[in-house]
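# Structural overview for review
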Amino acid sequence: MATDFPAEIERLRHTYASIAAVTDPEALRERIAELSDQAAAPDLWDDPEAAQVVTSALSHAQADLKRVEELGRRIEDLETMVEMAGEESGEDAAELVAEAEADLAGISKDLSDLEIRTLLSGEYDQRDAVVTIRSGAGGVDAADFAEMLLRMYTRWAERHSYPVKVLNTSYAEEAGLKSVTFEVHAPYAYGTLSVEGGTHRLVRISPFDNQGRRQTSFAAVEVIPLIESTDHIEVPETDIRVDVFRSSGPGGQSVNTTDSAVRITHLPTGLVVSMQDEKSQIQNRAAAMRVLQSRLLLLKQQEEDAKKKELAGDVKASWGDQMRSYVLNPYQMVKDLRTGYEVGNPEAVFDGDIDGLVDAGIRWRRRQDASKD
């Protein structure tokens, strides 16, 4: 056998043991039993919002347990297959070896994916995510870049069957977007996408320059956890100013004949949230308040983290402003400037193939956190 199966299986078992120690299948079973009891309560749906939280948590816990248990069984099956291959000869042995190599590759990939999940242990990592993309320096190219990033993240979500809901879109005059805010609904969406936060840089021959010159443009990505009803982030009415205006579409053309768009300004912090993609002013206000509360929740966490860092004598920022470059000319390369991870196919990245970049970012962040402990 060309592949050293005993050594590979030992490696799989070691990785699996590390994952099981973190996920704790027994604790998951207890959690599932507890949530199942809550889900079976006859008055569960008297409060639909609370019921949805319970059923969603139950579904996620069951999926996590199934994923861990299935990987354990697959490693056992792989070992059995390798033993059978050793007892055969000729074509039968070759077929079993080929099947075992395919299973080995599949298990390795699934273990790596699950290992990434175990690194997401932050307070809000399990939450849904609210992502905002804003165009920066670079004029119309930057606005176009913001729209390219929106497509990149929505295509990534589609690849994983994660629902996306666009909350607010501000179109640029010539092309692209000034800003866009959207929700990603998935287990650990915030923990996963939070490593995408920062300044993204695009270098290309501008399609908007009639002289065909190379243009550098920037876009900022902000990722915050979605607020939940149990968070109790109080926002007194006296702390906010609410403005209403008419929703607009591309090129400034009206898409709504009523003042349904809402802008909420949080006076103590200066935070501003605008929403216009819902059909009514009431819906836009509710969406804007939800995002404002999410930003206040994250701000509170950041202030607490800053105090801890100050007490520890470490006031260095762990994230630089510019975190990733997308170069389309004079060569083709996407490079994360924090992790050093590179992809030589920008077209695939812009089509949503960003798992490698995201996984490298999560591992990098864990190493950064570990170095501070």
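Residues numbered from 1 in each chain as written. Predicted model: local features only at pLDDT ≥ 70, side-chain atom pairs only at ≥ 80, totals over all residues. Heavy atoms only, no water.

Turning our attention to the UniProt feature "coiled-coil region" (unreviewed entry) in the protein. With numbering matched to this structure, UniProt assigns "coiled-coil region" (unreviewed entry) to residues 61-117. In the segment residues 61-117, helix accounts for 96% and strand for 0%; the C-alpha atoms at its two ends are 13 Å apart. (UniProt positions renumbered as here; feature names shortened; annotations may be inferred. Helix = DSSP H or I, 4+ residues; strand = E, 2+ residues; numbered from the N terminus.)

Our focus in this paragraph is unusual backbone geometry. Here the amide bond leading from Asn329 into Pro330 is cis, since omega sits at 15°, within 30 degrees of zero. Here Pro330 lies in the loop between strand E9 (322-327) and strand E10 (333-336). The backbone of Ser161 shows a phi angle near 60°, a positive value even though the residue is not glycine. Along the polypeptide, Ser161 turns up in the loop between helix H5 (139-159) and strand E2 (164-171). Of note in this structure, Tyr188 is not a glycine but carries a positive phi near 60°. You can see Tyr188 is positioned in the loop between strand E3 (177-184) and helix H6 (189-193). Assessed through its relative accessible area of 12%, Tyr188 is described here as buried. (Buried < 20%, exposed > 50% of the residue type's maximum accessible area, 1.4 Å probe, protein only.)

Taken in spatial order, the eight strands line up as E2-E3-E1-E5-E4-E9-E10-E11 in an open sheet, and their pairing is mixed. Whereas interior strands pair on both sides, the edge strands pair on one side only; in this sheet they are E2 and strand E11 (342-343). In terms of strand pairing, E10 meets E11 through two bridges, oriented antiparallel. Within E11, the residue paired with Lys335 across the bridge is Glu342. Strands in contact with H5 are strand E1 (129-135), E2, E3, strand E4 (198-205), strand E5 (214-225) and E9; relative to E5, the strand with the most contacts, it is inclined by about 45°. (Pairing = 2+ DSSP bridges. Contact = heavy atoms within 4.5 Å. Axes fitted to C-alpha atoms, helices over the stretch in contact; angles between N-to-C directions.)

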